[in-house]
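So you can see what is in the structure, the chains are spelled out below.
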Amino acid sequence: MNKHTKLARAVKATIIAVGLAGALQSVPVHADSIHKAKEGDTFYLLAKQYGVDMNKLITANPSIKASNIYGGLDIVIPGEGSKALMSTASASAMENIIPQPLSAVKVSSADKTVEAWGKNFSYSKTVEVKATAYSSAASENGKWGAVDYFGKPLQLGTIAVDPKVIPMGTKVLVTGHSHSNLPKNAFVATATDQGSAIKGNRIDIFIPGSPQTVNEFGFQDVKLYILDK
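Residues numbered from 1 in each chain as written. Predicted model: local features only at pLDDT ≥ 70, side-chain atom pairs only at ≥ 80, totals over all residues. Heavy atoms only, no water.

## A closer look at the nonpolar core
Logical step 1: Core analysis: the biggest nonpolar cluster contains 45 residues, and Ile75, Leu173, Ile203 and Ile205 have the highest contact counts within it.
Logical step 2: Among residues more than four places away in sequence, those in contact with isoleucine 205 are Ala131, Thr132, Ala133, Tyr134, Thr158, Ile159, Val174, Leu182, Phe187 and Phe217. (Core = buried A, V, L, I, M, F, W, Y, C linked by side-chain atoms within 4.5 Å. Buried < 20%, exposed > 50% of the residue type's maximum accessible area, 1.4 Å probe, protein only. Contact = heavy atoms within 4.5 Å.)

Next up, the structure:
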């Protein structure tokens, strides 16, 4: 190894160390932290991982159902100590130095599989649609309230569709969207709702949050992978 290589590595190590130190100094010792959910995470496992009370963890995340945790979700870890903060700050500092992949979705058209969060899904076809979003507000759900077409509570992963285009009960992988209250890159959804304005290649995505926050979604062109059962 020549001296220029050694110098370059030394400089990089110094930059990382300074970045980590700065990140740690800027975070309160007992502040809440954010865990980026991955496939398979549960409130029970996260409570054990971070050493926090599971009920406090659930209370800190009122918009996330325990049975509906997706990869990419931001989960608040209440009152975390130095261990979790070290992990969060370290990851944040490293992300500023090491380039991250632009997309977590990898598609293999040959065998019709799509990979998201390290998990492979088989799909039968893709559908390009125009997407909007709706909240649980009474003004958006009429006399039926915050339930889907089958009377089940709205949850992350509920989408309204035109049954002539996407049959009810169809599972899809939604990609190409952008909203702070949705998992990044991709999430699995089920067609369990309908709407009078949802006709043709249109979907309406339920997003937990206030109407004002949900309205930030606007109109977006998204791609659906129709998943095999």
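Don't stop here, the text continues.
## Concerning the pairing of strand S4 (residues 113-116)
Logical step 1: Where strand S3 (residues 105-108) meets S4, four bridges bridge the pair, whose relative direction is antiparallel. Paired with serine 108 across the bridge in S4 is threonine 113.
Logical step 2: The antiparallel hairpin formed by S3 and S4 contains four residues in its connecting segment, where lysine 112 sits at a positive phi of about 55°.
Logical step 3: With four bridges joining them, S4 and strand S5 (residues 119-134) adopt antiparallel strand pairing. Residue valine 114 lies in a different strand from S5, and its bridge partner there is phenylalanine 121.
Logical step 4: With antiparallel pairing between neighbouring strands as the criterion, S4 and S5 make up a hairpin whose turn holds two residues, including tryptophan 117 at a positive phi of roughly 55°. (Pairing = 2+ DSSP bridges. Helix = DSSP H or I, 4+ residues; strand = E, 2+ residues; numbered from the N terminus.)

## Points about the environment of tyrosine 50
Logical step 1: The topology assignment puts tyrosine 50 in helix H2 (residues 43-50).
Logical step 2: Expressed as a C-alpha distance, the spacing of tyrosine 50 and histidine 35, which sit 15 residues apart in the sequence, is 9.8 Å.

## Section: the pattern of salt bridges
If the charged atoms of two oppositely charged side chains come close together, the side chains can form a pair.
Logical step 1: In total, this model carries three salt bridges according to the counting rule given.
Logical step 2: Between aspartate 74 and lysine 36 there is a salt bridge, and its shortest N-O distance comes to 2.6 Å. In this pair, aspartate 74 sits in strand S2 (residues 74-77) while lysine 36 sits in strand S1 (residues 33-36), placing the two residues 38 residues apart along the sequence.
Logical step 3: Residue classification places aspartate 74 among the partly exposed positions, given a relative accessible area of 39%. (Salt bridge = Lys/Arg side-chain N within 4 Å of Asp/Glu carboxyl O.)

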